[in-house]
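The primary structure of each chain is shown beneath.
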Amino acid sequence: MPQLPPSGWWNRNWKWVVPVSVVTALCLFIGSILLLVSTVFGMIKSAAPYKDALAKAVANPQVQSALGTPVSDGFFVSGSISSAGASGSATMDIPISGPKGEGTLHVEAKKSAGVWTYSTLEVAVPGQPERIQLPR
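Rules of the game
Residues numbered from 1 in each chain as written. Predicted model: local features only at pLDDT ≥ 70, side-chain atom pairs only at ≥ 80, totals over all residues. Heavy atoms only, no water. Helix = DSSP H or I, 4+ residues; strand = E, 2+ residues; numbered from the N terminus. Rg over C-alpha atoms; globule rule 2.2 N^0.38 Å. Buried < 20%, exposed > 50% of the residue type's maximum accessible area, 1.4 Å probe, protein only. Phe/Tyr/Trp six-rings, centres within 6.5 Å; stacked < 30°, edge-to-face > 60°. Pairing = 2+ DSSP bridges. Expected span 1.5 Å × (residues − 1). Bend = angle between axes of the 7 residues up to and from the residue. Contact = heavy atoms within 4.5 Å.

Enquirer: Just to check I follow, could you spell out the overall build of the protein for this structure?
Expert: Helix and strand content of the protein: three helices and six strands. Starting at the N terminus, the α and β elements of the protein follow one another as α-α-α-β-β-β-β-β-β. For the protein, whose C-alpha radius of gyration is 25 Å, the value lies well above the compact-globule estimate of 14 Å for 136 residues. Taken along the three principal axes of its C-alpha coordinates, the protein extends 95 × 40 × 20 Å. Here the protein holds 136 residues, and the buried ones make up 28% of them.

Enquirer: What exactly am I supposed to notice about the packing of aromatic side chains here?
Expert: The description of two aromatic rings rests on the distance between their centres and on the angle between their planes. Taken as a whole and assessed by the stated rule, the structure comprises four aromatic pairs. Judged by centre distance (5.0 Å) and plane angle (85 degrees), the ring pair of Phe75 and Phe76 falls under edge-to-face. The partly exposed category is assigned to Phe75, whose relative accessible area is 42%. Assessed through its relative accessible area of 60%, Phe76 is described here as exposed. By way of ring pairs, the aromatic residues Phe41, Phe75 and Phe76 are connected into one cluster.

Enquirer: Which parts of the structure should I look at to understand the pairing of strand S2 (residues 78-84)?
Expert: Looking along a regular strand, one sees the side chains alternate between the two faces of the sheet. In this structure, S2 lies alongside strand S3 (residues 87-98), joined through seven bridges in antiparallel fashion. For Ile81, the partnering residue across the bridge sits in S3 and is Ala90. Joining the antiparallel neighbours S2 and S3 is a turn of two residues, in which Gly85 adopts a positive phi near 70 degrees.

Enquirer: Explanation requested: helix H1 (residues 9-45) in the structure shown.
Expert: Because each turn of an α-helix spans 3.6 residues, side chains separated by three or four positions in sequence point in the same direction. A rise of 1.5 Å per residue sets the reference length of H1, with its 37 residues, at 54 Å; its end C-alpha atoms lie 51 Å apart and thus fit the reference within 8%. The sharpest bend along H1 reaches about 55 degrees and sits at Lys15, with the proline Pro19 one to four residues further on. For H1, every residue scored as buried is listed here: Asn13, Val17, Phe41 and Ile44. Looking at the buried positions of H1, the neighbouring elements they touch are helix H2 (48-59), S2 and S3.

Enquirer: Help me understand unusual backbone geometry in this model?
Expert: Peptide bonds are, in most cases, trans, and in most cases residues other than glycine have a negative phi. Cis geometry marks the peptide bond from Thr69 to Pro70, where omega comes out at 0 degrees. Mapped onto the secondary structure, Pro70 falls in the loop between helix H3 (61-67) and strand S1 (72-73). Phi is positive for Ala113, which is not a glycine, with a value near 55 degrees. Position of Ala113 among the secondary structure elements: in the loop between strand S4 (101-112) and strand S5 (115-124).

Enquirer: What's the story with the pairing of S4 in this structure? I'm lost.
Expert: Pairing of S3 with S4 involves 11 bridges; the strand directions are antiparallel. Paired with Met92 across the strands is Val107, a residue of S4. Linking S3 back to S4 in an antiparallel pair, the connection comprises two residues. Strand direction decides the pairing type here: S4 and S5, joined by nine bridges, are antiparallel. Paired with Ser112 across the bridge in S5 is Val115. Linkage of S4 to S5, two consecutive antiparallel strands, is achieved through a turn of two residues, within which Ala113 is found at a positive phi near 55 degrees.

Nothing here speaks to function; it is all geometry.
Structure, rendered in structure tokens:
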């Protein structure tokens, strides 16, 4: 009987090469999306309005009473920051939480002559009728 020629590499290995290639491509895609998201949130969290507002909220006795201590920030910040030289603006909602509950730190700020001034700096705690006003 005549023998069949040996099959090629692709014919022997396609059943594992295709799934591994798809999983690798999917992991690279998800990894690049996560890298982009963490870079954007990292840039927002390194901005002066974010740091200043969070420091004021963490140090505020009313916020500490409502949320408990320690007060910490969440990951998903919503809003925007734009800064061009000595001017800019920022509007952010920063999730904060403590052992007693959660809240949202709302920040609105303008930058003029290199100095940030806050028009709104308050913490909303669910279940409380009034927002906690922070010193500006």
